[in-house]
Amino acid sequence: MTKRVVLIGHPVAHSLSGAMQQAAFDDQGVDATYEIWDRPPIGLPDAVTELRGDDFLGANVTIPHKERMVPLVDRLTEEAHATGAVNTITKEGKRLVGHNTDVPGFRFALDKLVGKQKMPRTAVVLGAGGGARAVVFGLITEGFQRIIVFNRHLHRAESMVKHFSRTAAHMELRAMPWHESIIESELAKTKVLVNSTSIGLTDDATPIPAEIIPPELLVLDLIYKRTTFLRDAEAAGCTVSDGELMLLHQGAAAFTLWTGKPAPLELMQRKLQEAREGGLRSAEGEPAGEVVAASAAGESTNGSGGTEESSGESAEGEPTGAATPD
Ligand code: NDP
């Protein structure tokens with residue numbers, strides 16, 4: 001019987017995940033189809049009931065359902081429990097297991113960004129949504145000792161900090177109000193800066209002014225394109241990377257959970273890029289259109305425009321077209 005894997009989101013008409021996962025199933029001889037289910041929140045319980053059927057291998061879960069899925073599955077992995085968000089579901093018979101593969105996806109992106117340097121211990125995180133939860137948990141478990149979270153709505157950052165209070169009991173995790181002067185002063189004390197807001201996703205907006213970005217930071221934007229924020233950070237002399245590796249590796253981890261096979265990473269990366277060039281966008285909302293070859297190769301670019309391991313040109317791809325609405 002052909003097995004089914006579904007991506008549940010709303011809205012989610014097209015997605016980069018479909019392109020990379022179907023290609024991976026076909027390449028690895030897995031008799032399965034990857035389907036897109038656009039289900040509003042009210043339809044989520046019915047979707048979950050359907051998933052218990054024998055023909056399903058599992059699912060991906062995306063905006064806006066990651067947190068809502070937590071009470072609907074039968075078991076949570078440590079990462080899903082710790083983050084309070086589920087982005088992948090596997091089956092144990094009819095029972096559903098909730099995972100969070102954004103966490104290993106983020107860790108992979110962070111490792112590549114840090115490169116051969118020693119893992120830093122201090123980070124500033126912008127944003128407090130589902131993506132930020134994976135980032136903060138990834139940083140805590142990588143051994144960071146000081147993480148400061150800024151969010152437009154301070155109370156959301158404060159609840160996230162509270163959520164992680166036990167996991168972060170041994171270190172300093174704090175929420176601070178979104179004031180430029182406070183952000184600037186914290187940036188002067190940190191090594192890693194992560195944008196996990198959606199600012200810059202659909203336009204040229206940037207979360208913080210270029211002038212307050214100090215040189216030599218390691219800067220990651222979860223958004224899957226070369227944002228104004230990344231351009232500013234690179235111009236300031238920082239080492240930067242976009243969200244492509246996180247997207248690729250969360251997908252690769254999900255593929256392995258469903259199939260028990262190693263993911264064909266190069267193929268999945270190629271399919272991601274082809275789909276993006278073809279105008280699709282990720283279910284996470286990342287617009288299609290830019291090719292960032294350096295980060296696509298798993299390397300971060302530094303302020304001089306070269307990669308960490310070569311002095312070759314960094315890709316400065318221009319948008320090739322408007323995003324297709326999901
Ligand atoms: P959420 O909707 O859960 O959170 C959005 C965040 O952005 C919140 O912190 C929100 O602040 C902030 N924000 C949005 N608009 C503004 C604004 N105008 N001014 C200030 N803050 C704003 O989304 P996610 O956390 O799931 O996703 C966030 C980003 O991360 C998206 O761009 C998504 O594409 C990306 N992502 C990428 C992944 C990858 O694999 N590369 C994986 C997951 C996410 P507030 O709480 O105050 O509203």
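Anything mentioned here points back to the structure above.
Report follows, based on the coordinates. (Residues numbered from 1 in each chain as written. Predicted model: local features only at pLDDT ≥ 70, side-chain atom pairs only at ≥ 80, totals over all residues. Heavy atoms only, no water.)

To continue, consider the overall build of the protein. Assigned secondary structure in the protein consists of 11 helices and 12 strands. Counting over 326 residues, the protein shows a buried share of 56%. Taking as baseline every contact in the protein between residues at least 6 positions apart, the subset at least 24 positions apart corresponds to 68%. If you sum the accessible surface of the protein, you get close to 13,200 Å²; carbon and sulfur atoms cover 51% of it. (Helix = DSSP H or I, 4+ residues; strand = E, 2+ residues; numbered from the N terminus. Buried < 20%, exposed > 50% of the residue type's maximum accessible area, 1.4 Å probe, protein only. Contact = heavy atoms within 4.5 Å. Areas by Shrake-Rupley, 256 points an atom, 1.4 Å probe, with all protein chains shown as cover.)

What follows concerns the site of the ligand. Lining the immediate environment of the ligand, one finds 22 residues, of which G131, N151, R152, H153 and R156 sit closest. Residue R152 places a side-chain N or O atom 2.7 Å away from an oxygen atom belonging to the ligand. Here an oxygen atom of the ligand and a backbone polar atom of L247 are 3.3 Å apart. With the chains in place, 83% of the 920 Å² that the ligand exposes on its own is no longer accessible. Sorting the residues of the shell around the ligand by element identifies helix 5 (130-141) and helix 9 (244-259) as the ones contributing at least two each. Looking at the shell around the ligand, its residues break down into seven nonpolar, 10 polar and five charged. (Near = heavy atom within 4 Å. Polar contact = N/O pair within 3.5 Å; in protein donor to acceptor, adjacent residues only side chain to side chain. Nonpolar A, V, L, I, M, F, W, Y, C, P; charged D, E, K, R; others polar.)

Ranked by size, the top nonpolar core spans 57 residues in total, and within it L139, I147 and L173 carry the most contacts. The biggest single contributor to this core is helix 9, with eight residues. Counting 18 residues, the second-largest nonpolar core is a separate cluster that includes M176, I183, I208 and F229. (Core = buried A, V, L, I, M, F, W, Y, C linked by side-chain atoms within 4.5 Å.)

Between its terminal C-alpha atoms helix 10 (residues 265-277) stretches 18 Å, which fits the 18 Å expected from 13 residues at 1.5 Å a residue. Those residues of helix 10 that sit buried are L267, M268, Q269, L272, Q273, A275 and R276. (Expected span 1.5 Å × (residues − 1).)

Further remarks concern the sheet that holds strand 12 (residues 239-241). Reading across the sheet, the six strands line up as 9-8-7-10-11-12 and stay open at both edges, with parallel pairing between neighbours. Two strands bound the open sheet, and with one partner strand each, they are strand 9 (172-177) and strand 12. If you compare each strand with its neighbour and ignore which way they point, the axes differ by 15 degrees on average. As paired elements, strand 11 (residues 218-221) and strand 12 share three bridges and run parallel to each other. What sits directly across from L218, in strand 12, is T239. (Pairing = 2+ DSSP bridges. Axes fitted to C-alpha atoms, helices over the stretch in contact; angles between N-to-C directions.)

Relative to the elements of secondary structure, F229 occurs in helix 8 (residues 228-236). Residues F229 and I213, 16 residues apart in the sequence, show an inter-C-alpha distance of 9.6 Å. F229 has contacts with L193, N195, T206, P207, I208, I213, V219, L220 and D221, leaving out every residue within four places of it along the chain.

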